[in-house]
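In case you want the letters, here they are:
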Amino acid sequence: MSHDVRIRHISDGDWGGIVALESRTYAALGLSEERAVLESRVHASPSTCFVLETGQQLAGYLLALPYPAFRYPDLTRTEESVFSSRNLHLHDLVIAENLRGRGLAQHLLHHVTATAGAEGYEQISLVAVAGSAAFWAANGFVAHDEAVPAESYGANAVYMFRAVRTGRAGNPEPAGLVPGVSSSQFEVG
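Residue indices follow the written sequence of each chain, beginning from 1 at its first position. In view of the model being predicted, local features appear only for residues whose pLDDT reaches at least 70, and side-chain atom pairs are presented and counted only at 80 or more, with totals across whole chains, interfaces and linings using the full set of residues. Side-chain metrics in this entry use all non-hydrogen atoms of the structure; hydrogen atoms and water are not considered.

A. Main features of unusual backbone geometry. Positioned with a positive phi, Phe 70 is a non-glycine residue whose angle comes to about 70 degrees. Mapping Phe 70 onto the fold places it in the loop between β3 (57-66) and β4 (87-95). Exposed residues in this analysis have more than 50% of their type's maximum accessible area, buried residues have under 20%, and partly exposed residues fall in between, with area computed by a 1.4 Å probe over protein chains only. By relative accessible area, Phe 70 is classed as partly exposed at 40%. Positive phi is not limited to glycine here, since Ala 130 has a value of about 55 degrees. Where helices and strands are cited, they refer to DSSP runs of H or I of at least four residues and of E of at least two residues respectively, numbered from the N terminus. Mapping Ala 130 onto the fold places it in the loop between β5 (123-128) and α4 (133-138).

B. Molecular detail of the sheet that holds strand β1 (residues 5-9). Strands are labelled as partners when DSSP assigns at least two bridges between them. Here we have seven strands laid out as an open sheet, ordered β1-β2-β3-β4-β5-β7-β6, and mixed in their pairing. If you trace the sheet from one side to the other, it starts and ends with β1 and β6 (142-143), each paired once. Taken together, the three bridges between β4 and β5 define a ladder with parallel strand orientation. Bridge assignment links Leu 88 to a residue of β5, and that residue is Ile 124. By definition, residues are in contact when any of their heavy atoms lie within 4.5 Å. For helices, the fitted line uses only the C-alpha atoms of the stretch in contact; every axis is such a line through C-alpha atoms, and the angle between N-to-C directions lies from 0 to 180 degrees. Packing of helix α1 (residues 15-26) onto the sheet brings it into contact with β2 (50-54), β3 and β4, and relative to β3 it is tilted by some 85 degrees. Taken strand by strand, helix α3 (residues 104-118) contacts β1, β2, β3, β4, β5 and β7 (158-163), and its axis lies near 160 degrees from that of β4.

C. Summary view of the pattern of salt bridges. For salt bridges, the criterion is a side-chain nitrogen of Lys or Arg within 4 Å of an Asp or Glu carboxyl oxygen. According to the stated counting rule, one finds nine salt bridges in the structure shown. Between Arg 41 and Glu 33 there is a salt bridge, with its nearest N and O atoms 2.6 Å apart. Like Arg 41, the residue Glu 33 is buried in the burial classification. Here Arg 41 and Glu 79 are joined by a salt bridge, their closest N and O atoms 2.4 Å apart. A residue pair is termed long-range when its members are at least 10 positions apart, and Arg 41 in helix α2 (residues 35-44) and Glu 79 in the loop between β3 and β4 qualify at 38 residues. According to the relative accessible area criterion, Arg 41 is buried, its value standing at 0%.

D. How the structure looks around the nonpolar core. Buried Ala, Val, Leu, Ile, Met, Phe, Trp, Tyr and Cys residues form a nonpolar core when they are joined through side-chain atoms within 4.5 Å. Core analysis: the largest hydrophobic core is formed by 48 residues, its most contacted members being Leu 90 and Trp 136. The element that contributes the greatest number of residues to this core is α3, accounting for six residues. Beyond its immediate sequence surroundings of up to four residues, Leu 90 is in contact with Leu 62, Leu 63, Ala 64, Leu 109, Val 112, Ile 124, Ser 125, Leu 126 and Trp 136.

What follows is the structure in structure tokens.
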């Protein structure tokens, strides 16, 4: 990974790029969300939503917000409430197509894990879509069989979660890989 990778909070000028990345990743799968819906996720928790830049290029983004465990956002509705929860729901992580396989998703995941720990979250949940469950499992997430995602998340969607572990000094530990599994082989969209 190059040294010119930067993660920062989302600003108003990022939305054109975010919507374009989201559409290229999810429209063909029937999982794309309207811009207002995406923006509402950020408004619910601006401190846990990020863009990733390489040089001057928007290379990816991550949207995460507090959500009750074993629940997840409706893809067609804006967030009307901000939940008070120790569960941080990682709603979306997208890396530009031409930059996948370089560990950038892993970089964003480490960043949100550290943020979650610093903000007092106890676990991170997500819904793995489009065959991405192997990537998430390789990063310490486990499926919860009793939480079945809505059909709107696509066939074979899997609700997954992992604890936000803290180290000896009380600092959050980044998501780690399962030994023998390369993160780049499961880079997510």
